[in-house]
Amino acid sequence: MLDPEDAMSHSEVTIFDRAAESMLPAERAVVQAGRLRRLVSRLLAAGGVQAARLREAGVQDAADLTLGELARLPFTQKRDLWDAYPFGMLAVPRGDVVVVHGSSGTGGQPTMVSYTRDDLDLWSQMCARALAAAGATAASTIHNAYGYGLFTGGLGIHQGAVRLGATVVPVSGGMTPRQLTLLRDLKPDILTCTPSYAIRLGEALAEAGAKPADLNLRAGLFGAEPWSEPMRARIEELLGLRALDIYGLSEVIGPGVAAECLVSQDGLHVNEDHFLVEAVDPVTSEPVPDGTPGELVFSTLTKHAMPLLRYRTGDIAALRRGSCACGRTLAKMTKVTGRTDDMLVIRGVNVYPAEVERVLLADGRTSPHYLIVVDARTAVKDLIVAVEARTGVAAGSRTAAAAGPGHAELLASGLERAVGEQLGEQLGVRTRVRVLPEGTLPRTEAGKAVRVVTWASGAAPLPGLGERRH
Ligand code: DLL
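Residues numbered from 1 in each chain as written. Predicted model: local features only at pLDDT ≥ 70, side-chain atom pairs only at ≥ 80, totals over all residues. Heavy atoms only, no water.

A word on the overall build of the protein. For the protein, the count of helices and strands is 13 helices and 21 strands. Projected onto its principal axes, the C-alpha positions of the protein cover 75 × 55 × 40 Å. Within the protein, buried positions represent 53% of all 470 residues. Of the accessible surface of the protein, which amounts to about 19,000 Å², a share of 55% is contributed by carbon and sulfur atoms. Averaging the locations of the 49 positively and 53 negatively charged side chains of the protein gives two centres separated by 3 Å. (Helix = DSSP H or I, 4+ residues; strand = E, 2+ residues; numbered from the N terminus. Buried < 20%, exposed > 50% of the residue type's maximum accessible area, 1.4 Å probe, protein only. Areas by Shrake-Rupley, 256 points an atom, 1.4 Å probe, with all protein chains shown as cover. Lys, Arg positive; Asp, Glu negative; His and termini not counted. Charge placed at Lys NZ, Arg CZ, Asp CG, Glu CD.)

The following block contains the structure:
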């Protein structure tokens, strides 16, 4: 591992570990193959479900295993972690675990993950790589508004920032006015939080009568939830920074599995020297060619406490190889475009929430605050999209209100019709759009934004969703 300072002195582009991140792909493949063999050996020695599956697949020892044989090795999935909750997947003695983290997930059942001291060391390096890719250096101040706690976002980024030698401000999520004060007073150059909270912070800045130029932000690392290109443009406009994507999941390590670089900002460099990545067809489980969206599958080559072989993430993205203008040679993944389990089926048509966001924000008149409501009160489900208009555009805005309530209603109704038509065309299913007054949709101050809810019976999940207009 290179001394980070040394790695950076090679060029203007900040690369935390140039030797590893810019390695020739053929050399990296040798490193990966050796690490894969050691991973499989550790799993076989540890016993448990992964060892049993390996033996079933005819793998008794790892000595001759090659990367080419990866596709015949067994998968692991979230169910395995749940079945083994909380410590059944450990490949080290319980006493070697120094930290546990987790994610509550949507199923209600928590997923627990364990780390040894070496795992923490690896994780801090991965987050330091991501921060450096966003232009952070030892001279940076990093305002970290990811939640601190069981969630991996806060403490993961924190340790990466310390590793980089930067100054980290551990603000955690929420208490937006205090965040603004700290952003103004401490003048951080890097912001880290969820993309939905970045929007919230940007709006709060404007509400406070301040401009992005009053801050000193240069770049932000936003992740933990899906976000679209139009959302990137909105965040950049609101906060006056370069918005970069960072991806990760607790099961694999947390944030830092992959991250975009400031130089090309077009896809996330996967730290594939530690997390071997594949994209597979979610139905057939066969690998898909590079450039084709598939379910991301990771093997944690160098983790100790809870190593995973071919872990199916449920996240959909496409992979791409080749070197980047920044000098990194790591494979890239596109933004996550959806999950295998977030597809909605409305009147027989498959609808992905990410697609709804793309259409909404591309229109330019709607704000990034939206909620997809699956109206399941009858056997045939319908789609309702609740959204706020951008300031000054329609219902609830000061301009519209000044022109009288009738005027505001009229504007909202026109917008509803227009956006409804666009969604109908793009998604292939009739969509009812409800433009709600500003501030009606809940903001996410801490944790991940909830974008989809089901209305099964009773009162509407939001006021104003009833049958009106059209
Ligand atoms: O969300 C880790 C993280 C923290 C990543 C901070 C980035 C920044 P979990 O709570 O276990 O871990 O949730 C993992 O979140 O499988 C994806 O579905 C989703 N996700 C994470 N990053 C992104 C992203 C953290 N950049 C799950 N784009 C993953 C889209 C993301 N989805």
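And the narrative resumes.
As a further point, take the pairing of strand β12 (residues 311-317). The element β12 is largely enclosed, with a buried count of seven among its seven residues. With burial as the criterion, each face of β12 is covered, one bearing Tyr-311, Thr-313, Asp-315 and Ala-317 and the other bearing Arg-312, Gly-314 and Ile-316. Direction of pairing for β12 relative to strand β15 (residues 338-339): antiparallel, over a ladder of two bridges. Looking at β15, one finds that Asp-315 is bridged to Arg-339. (Pairing = 2+ DSSP bridges.)

Take the domain arrangement of the protein next. For the protein, the assigned domains are domain 1 (4-26 + 102-339) and domain 2 (344-465). Taking only C-alpha atoms into account, the centre of domain 1 sits 29 Å from that of domain 2. Contact with domain 1, which involves 22 residues of that partner, is made by 17 residues of domain 2. The contact between domain 1 and domain 2 buries some 1,500 Å² in all, and 54% of this surface belongs to carbon and sulfur atoms. When the buried area of domain 1 at its contact with domain 2 is split by residue, Pro-230, Met-231 and Arg-234 rank highest and sum to 26% of it. The interface formed by domain 1 and domain 2 contains three salt bridges. Note that Glu-237 and Arg-390 form a salt bridge whose closest N and O atoms lie 3.2 Å from each other. At the boundary of domain 1 with domain 2, the tally comes to seven residue pairs in polar contact (both at pLDDT 80 or more). Counting only elements with at least two residues in the side of domain 1 that touches domain 2, the list comes to α9 (195-207) and α10 (229-239). The element contributing the most residues to the side of domain 1 that touches domain 2 is α9, with five residues. (Domains from an automatic or database assignment. Contact = heavy atoms within 4.5 Å. Buried area = accessible area lost by both parts, 1.4 Å probe. Salt bridge = Lys/Arg side-chain N within 4 Å of Asp/Glu carboxyl O. Polar contact = N/O pair within 3.5 Å; in protein donor to acceptor, adjacent residues only side chain to side chain.)

Further remarks concern the environment of Lys-332. The topology assignment puts Lys-332 in strand β14 (residues 332-333). Excluding residues within four positions of it along the chain, Lys-332 makes contact with Ser-264, Asp-266, Gly-267, Leu-268, His-269, Val-270, Ala-318, Leu-319, Arg-320 and Cys-324. Among the polar contacts made by the side chain of Lys-332, one reaches the side chain of Asp-266 at a distance of 2.7 Å.

For side chains of opposite charge, pairing can occur when their charged atoms come near one another. With the rule as written, the count across this model stands at 35 salt bridges. Between Arg-129 and Glu-21 there is a salt bridge; the shortest N-O distance is 3.8 Å. Linking Arg-129 in helix α6 (residues 117-133) with Glu-21 in helix α2 (residues 18-21), this pair joins segments that are 108 residues apart in sequence. By relative accessible area, which is 2% here, Arg-129 ends up buried. The salt bridge partner of Asp-273 is Arg-129, with a shortest N-O separation of 2.8 Å. Here Asp-273 is found in the loop between β9 (268-270) and β10 (275-280), whereas its partner Arg-129 is found in helix α6, with 144 residues between them in sequence. Here Asp-273 matches Arg-129 in class, with each residue buried. One connected set of salt bridges, linked through shared partners, spans Arg-200, Glu-203, Glu-207, Glu-388, Arg-443 and Glu-445.

In terms of residue burial, strand β18 (residues 366-375) counts as a mostly covered element, since 10 of its 10 residues are buried. Note: β18 against strand β19 (residues 382-389), seven bridges, orientation antiparallel. Along β19, the bridge assignment pairs Tyr-370 with Val-387. Count of turn residues in the β18/β19 antiparallel hairpin: six residues. Inspection of the sheet shows β18 paired to strand β21 (residues 452-455) by four bridges, in the parallel sense.

What follows covers the environment of His-101. By secondary structure assignment, the location of His-101 is in strand β1 (residues 99-103). A sequence separation of 274 residues divides His-101 from Asp-375, and the C-alpha atoms of the two residues are 35 Å apart. Beyond its immediate stretch of four places on either side in the chain, His-101 contacts Thr-111, Met-112, Val-113, Tyr-115, Trp-123, Gly-149, Leu-150, Phe-151, Thr-152 and Leu-155. At a separation of 2.8 Å, a polar atom in the side chain of His-101 contacts the main-chain carbonyl oxygen of Leu-150.

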